[in-house]
Amino acid sequence: MKKIFQLILVGILSIQTGAFAQVSFSKWQTQPIVIDGDGSDWVTIPRFFNASSNVKYEFRNDAENLYIIISPADRNTQLQLSAAGFNIKLKLRTSTPERFSIMFQAPKMGMMPPPQINQDKLVEKTILNSESMSKDTATVEGFLFTKGKIVSENTDEKSISFAHSKQASNSGVYEIRIPLREIYGNGFKLETVSATPVQLQVNINELSQKGMKKMTSRMAGGMHGGGRGMRGGGRGMGGDREMEGGMHGETEGREDEERSQMQAQGMGNMAAFEKKSFSIDFQLSNGK
């Protein structure tokens with residue numbers, strides 16, 4: 001009986017040792033990362049890759065902030081992140097775990113306005129619509145100071161900030177900055193808190209076939225309508241501007257067609273858009 005107990009104890013210790021061996025370490029960030037969705041501040045590609053979710057990611061920290069980047073590795077994942085939404089959760093591995101979450105909601109598709117006869121009103125409405133679409137929203141829970149909904153590209157260095165890239169070259173990239181005071185409170189000592197592992201969990205929402213069809217229809221209708229309006233505006237300006245407007249409209253048309261083809265291909269394999277989740281334990285760097 002004693003021997004069996006010893007074997008069980010050894011097994012438990014082995015499991016615990018293996019668990020601790022899986023803890024990763026945050027990289028020290030010497031310069032603050034600009035949260036703009038660009039990703040160039042990270043210089044290198046994200047260190048980690050989750051194959052089942054097809055997501056590249058990384059976390060870094062300095063003395064004041066935790067930085068996280070989420071980067072989809074293919075177009076289907078880009079679409080799912082942007083259209084279905086996702087959330088990230090942090091859990092402190094303390095005796096009484098503390099939990100924090102940021103939920104990136106699926107956008108309400110505000111479309112470009114349809115063509116209108118009055119060109120001035122069209123331009124004005126298009127600008128307003130572009131400004132409203134440029135900002136994403138998220139909901140935060142559990143943090144000490146920031147509560148409720150937040151808006152992307154917040155420049156307040158003392159609050160949580162995030163940005164979602166809209167550029168075709170790195171579409172779907174999310175950058176997030178979380179002030180460490182939001183997790184540990186004011187007056188925390190980095191050398192102390194860095195000893196406690198943190199679990200990062202990423203959960204990507206399911207994108208249903210119905211939701212994809214609805215979104216694709218809205219995107220196609222709204223973007224093509226906006227494109228026609230822009231080409232019409234180009235003709236009103238005449239000469240070189242007419243040609244420029246027409247070329248721009250044709251380019252947009254080709255991009256819209258490519259998007260539609262990509263989305264149609266993805267709809268043929270809806271398993272690619274099922275709910276996905278992954279997690280990793282890490283410790284903050286104390287700069288040494």
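Preceding block: the structure.
Residues numbered from 1 in each chain as written. Predicted model: local features only at pLDDT ≥ 70, side-chain atom pairs only at ≥ 80, totals over all residues. Heavy atoms only, no water.

Overview of the pattern of salt bridges
Inspection of the entire model under this criterion finds 4 salt bridges. One salt bridge connects E58 with R47, and the closest N-O pair in it is separated by 3.2 Å. One end of the pair, E58, is in strand β4 (residues 55-61); the other, R47, is in the loop between β2 (27-28) and β3 (48-50), and 11 residues separate them in sequence. Given a relative accessible area of 0%, E58 falls into the buried group. On the accessibility criterion, R47 (33% relative accessible area) is partly exposed. A salt bridge links K288 to E191; the shortest N-O distance between them is 2.4 Å. One end of the pair, K288, is in the segment after β13 (276-283); the other, E191, is in helix α5 (residues 190-193), and 97 residues separate them in sequence. Here the residues in one salt-bridge network are R47, E58 and R60, joined through shared partners. (Salt bridge = Lys/Arg side-chain N within 4 Å of Asp/Glu carboxyl O. Helix = DSSP H or I, 4+ residues; strand = E, 2+ residues; numbered from the N terminus. Buried < 20%, exposed > 50% of the residue type's maximum accessible area, 1.4 Å probe, protein only.)

Concerning the environment of Q209
Checked against the element boundaries, Q209 lands in helix α6 (residues 209-237). Q209 sits 64 residues away from F273 along the chain, and the two C-alpha atoms are 8.8 Å apart.

As for the pairing of strand β9 (residues 148-151)
The pairing of strand β8 (residues 137-141) with β9 spans 4 bridges and is classified as antiparallel. Residue pairing in the sheet places T137 in a bridge with V151 of β9. A loop of 6 residues connects β8 with β9, the two strands running antiparallel in sequence, and G142 in this loop sits at a positive phi of about 90°. (Pairing = 2+ DSSP bridges.)

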